[in-house]
Amino acid sequence: MPTNSAAELASHWWEGSVIYELIPRCFADGNGDGIGDLDGLKQRLDYLHWLGVDAVWMTPICDSPLRDGGYDITDYKSVHPDLGDLQALDTLIRHAHELGLKVLFDLVLNHTSDMHLWFQRARWAERGSPERNFYVWRDDDKSYSEAPVLFRHFEDSNWQWDPVAGQYYLHRFLRHQPDLNYDNPQVQEAMLDVLDFWIDRGIDGFRLDAIPFLFEREGTRCEGLPETHAFLRRLRSRAKERCEQLGREEVLLLAEAIQPVHEAMPYVADDELHSAFNFALTAHLFAAVAHGEVSALQTFLSEFRQLNAGCRWALPLRNHDELWLGDGHLVPEEIVDRVREGFPNAEGHWLNWGINRRLSPLLNGDPRPNKALHALLYSLPGMPCIYYGDELGMGDYPGLRDRDANRTPMAWTSERNGGFSKAPDPLLVLPPITRPGYNCQMMNVAVQKSLQGSLLNWHRHTLLSRRLLPALRHGDFQLLENSHPGVISYIRQSEEMTILVAVNLSGNPASTRLDLSAWQGQQVREVLGGCPFPVASEHWFAYLSAYDYCWWLIGDVEPESSSNSDAIADSLAVSC
Ligand code: BGC
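Values in this document were obtained by computation on a predicted structure and should not be read as measured data.

What to know about the side chain of Glu-526
- Secondary-structure assignment places Glu-526 in strand β19 (residues 524–526).
- No salt bridge is formed by the buried Glu-526; the nearest opposite charge belongs to Arg-525, separated by 9.5 Å.
- With residues up to four places along the chain from it excluded, the contact list for Glu-526 reads Cys-531, Phe-533, Cys-550, Trp-551 and Trp-552.

Remarks on the side chain of Ser-489
- As for its position among the elements, Ser-489 is in strand β16 (residues 487–493).
- The class for Ser-489 is buried, based on a relative accessible area of 0%.
- A distance of 2.6 Å separates a polar side-chain atom of Ser-489 from the backbone oxygen of Leu-480.
- Other than its neighbours up to four places away in sequence, Ser-489 contacts Leu-479, Leu-480, Glu-481, Asn-482, Val-501, Ala-502 and Leu-514.

Some thoughts on helix α6 (residues 185–201)
- Its 17 residues give α6 an end-to-end C-alpha distance of 25 Å, which sits within 8% of 24 Å, the value for a rise of 1.5 Å per residue.
- Considering only its buried residues, α6 is in contact with α4 (86–98), β3 (102–108), α5 (117–124), β7 (205–209) and α7 (226–246).

Concerning the domain arrangement of the protein chain
- With domains assigned, the protein chain is organised as domain 1 (8–110 + 184–463), domain 2 (117–170) and domain 3 (476–571).
- The straight-line distance from the C-alpha centre of domain 1 to that of domain 3 is 29 Å.
- In this assembly, 27 residues from domain 1 lie in contact with 23 residues from domain 3.
- Summed over both partners, the interface of domain 1 with domain 3 comes to about 2,200 Å²; 66% of that surface belongs to carbon and sulfur atoms.
- Our count for the contact surface shared by domain 1 and domain 3 stands at zero salt bridges.
- Counting every contact that joins domain 1 to domain 3 gives five residue pairs in polar contact (both at pLDDT 80 or more).
- Mapped onto the side of domain 1 that touches domain 3, the elements with two or more residues apiece are α9 (279–291), α10 (295–306), α13 (367–377) and α15 (455–467).

Describing the sheet that holds strand β5 (residues 159–162)
- Spatially, β4-β6-β5 is the arrangement adopted by the three strands of the open sheet, whose pairing is antiparallel. Two strands in the sheet have a free side with no partner beyond their single neighbour: β4 (137–138) and β5.
- Relative to strand β6 (residues 167–170), β5 runs antiparallel, the two being bridged by four bridges. Each bridged residue has a counterpart across the sheet, and for Trp-159 the counterpart in β6 is Leu-170.

Points about the site of the ligand
- Close to the ligand lie 13 residues, the nearest being Asp-68, His-111, Glu-256, His-320 and Asp-321.
- One nitrogen or oxygen atom from the side chain of His-111 is found 2.8 Å from an oxygen atom belonging to the ligand.
- One of the side-chain nitrogen or oxygen atoms of Glu-256 is found 2.5 Å away from an oxygen atom of the ligand.
- Protein chains shield 97% of the accessible area of the ligand, which is 300 Å² for the free molecule.
- Here the shell around the ligand is composed, by residue class, of three nonpolar, three polar and seven charged.

Points about the sheet that holds strand β2 (residues 55–58)
- Strand order in the closed barrel formed by eight strands is β1-β2-β3-β7-β8-β9-β10-β14, with parallel pairing between adjacent strands. Pairs of neighbouring strands in the sheet enclose a mean axial angle of 25 degrees, with direction left out of account.
- Inspection of the sheet shows β3 paired to β7 by five bridges, in the parallel sense. What sits directly across from Val-108, in β7, is Asp-209.

Some words on the state of the cysteines
- Per the stated rule, a full pass over the model turns up zero disulfides.
- Its sulfur unpaired, Cys-26 is 14 Å from the next cysteine sulfur, which belongs to Cys-440.
- Distance from the sulfur of Cys-243, which forms no disulfide, to the nearest cysteine sulfur (Cys-62) is 18 Å.

Some details on unusual backbone geometry
- Here the phi dihedral of Tyr-144 falls at roughly 50 degrees; this positive angle occurs in a residue that is not glycine.
- Along the polypeptide, Tyr-144 turns up in the loop between β4 and β5.
- Relative accessible area serves as the criterion here: at 10%, Tyr-144 is assigned to the buried category.
- Located in the positive-phi region is Ala-210, a residue other than glycine, with phi close to 50 degrees.
- As for its position among the elements, Ala-210 is in the loop between β7 and α7.
- Look at Ala-210 and you get buried, because its relative accessible area is 1%.

Criteria and cut-off values
- Residues numbered from 1 in each chain as written.
- Predicted model: local features only at pLDDT ≥ 70, side-chain atom pairs only at ≥ 80, totals over all residues.
- Heavy atoms only, no water.
- Helix = DSSP H or I, 4+ residues; strand = E, 2+ residues; numbered from the N terminus.
- Buried < 20%, exposed > 50% of the residue type's maximum accessible area, 1.4 Å probe, protein only.
- Lys, Arg positive; Asp, Glu negative; His and termini not counted.
- Salt bridge = Lys/Arg side-chain N within 4 Å of Asp/Glu carboxyl O.
- Contact = heavy atoms within 4.5 Å.
- Polar contact = N/O pair within 3.5 Å; in protein donor to acceptor, adjacent residues only side chain to side chain.
- Expected span 1.5 Å × (residues − 1).
- Domains from an automatic or database assignment.
- Buried area = accessible area lost by both parts, 1.4 Å probe.
- Pairing = 2+ DSSP bridges.
- Near = heavy atom within 4 Å.
- Areas by Shrake-Rupley, 256 points an atom, 1.4 Å probe, with all protein chains shown as cover.
- Nonpolar A, V, L, I, M, F, W, Y, C, P; charged D, E, K, R; others polar.
- Axes fitted to C-alpha atoms, helices over the stretch in contact; angles between N-to-C directions.
- Disulfide = S-S within 2.5 Å.

Written out as structure tokens, the structure reads:
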């Protein structure tokens, strides 16, 4: 497997960057119509800067009938009128860049809305015509029978009869999302043209939605076929060329491929995409915290290390979808069972192949495992991805349609609607959370900013200290054995420094022995407070309370600034 050279990786802004995912229509309402928009988001960029993330990923913003959260597009070169227009996007990008933030969004390559002009044209066009061939048609629904139905709670087949066309069309997702036919060169060219359009507009990168499914071949699961990889290589070289022509740095191409690691790896080959989400790691993290036991996670991480994928993984905990665990293909069934058994709060919330809940309610509102999981995410090699609201421990709204339970408005203040919008309640895009324990009047940015020990302030301090620890962004990764079954420990090492990480994923206190003989006699200090620990030795002991974690510096190096957390924040001179 070819890998990007260290020099090439180091030259990209995204290496080790922290990505913040948000849904623009649920984040902040700038014009008071009850729907979040680009102007509202622009006004809240200061918050994201203050929090300490590097990039903002917006779920789709193009025009759409919104039958799948905007992943059903009718015009690839537009902004949905609810959100603003192209000028509003330009302003947003400019403002973000002034703050040093990058802007990413979703590029939905696999399918369109059935309301897209291309599809309407296809169904009325002659059989076999280039227009009809923009999509995948058959006279029966028997083809590609090995391709699983992904949205199995909504669909029972990947084919839908179209009375106008007199044929069935393929849809790997919902029936109103027909799959584009990548065997048609015109489709490939049309989508590359869309890519050019957004690069020209100044977007810094793309999350490439559902890319394993671009091509289909009989007798396969129709995932990650060689033809799909060939097209993605074309897309990469087109993006690179376009950026070179414009004299701008390359855009990030980030794959959404919910596949086991060995199947996701080829997407991040040298000449293909830059990064891919590591959903298998996500499943392992949840399984480990569910049972307070890390052996499967440890095995997974050591295999993952051998794959030498460096920092090229994007690391999500939760996102706008269900917590996808799959049918035994993504991770072994015992890992799925562990999650199923370990989270009583997941019961009754399974959707398709995963759990349709936000992080905090899954963790029973306990901020400690939230911190433990994020402490891992922020210190493993790759790009940590935060889902909006998880930095507050925001709740969800079970009972809402499809995945809307996880997509409710961001809670900003204790004002009406959690400060999300000034519109009357019936106009709100989705209801704000009012459930006890998660009520947006109490659990919001303003309240948590004012409480020193809040989860939000913990995330900020941890992210800011990460910035001062280059080893966490681009250092080597080496698992380190320890004697406790609930504790995972590893070393991140760069030219500048050596960091030791230990995280207790169990709900009980843990005392554990680590073999630090490789650093025999060197100083060990806790990173945030600078508190000295006993010098490194073969029998080095750490004590971690339930779900506790610690990052230590080994050796004499100072972090780039002071070792005190408040001073770290001050040194970055970011305020809101
Ligand atoms: C997105 C989903 C969407 C699906 C179809 C996914 O992978 O994350 O939200 O429903 O693609 O576009």
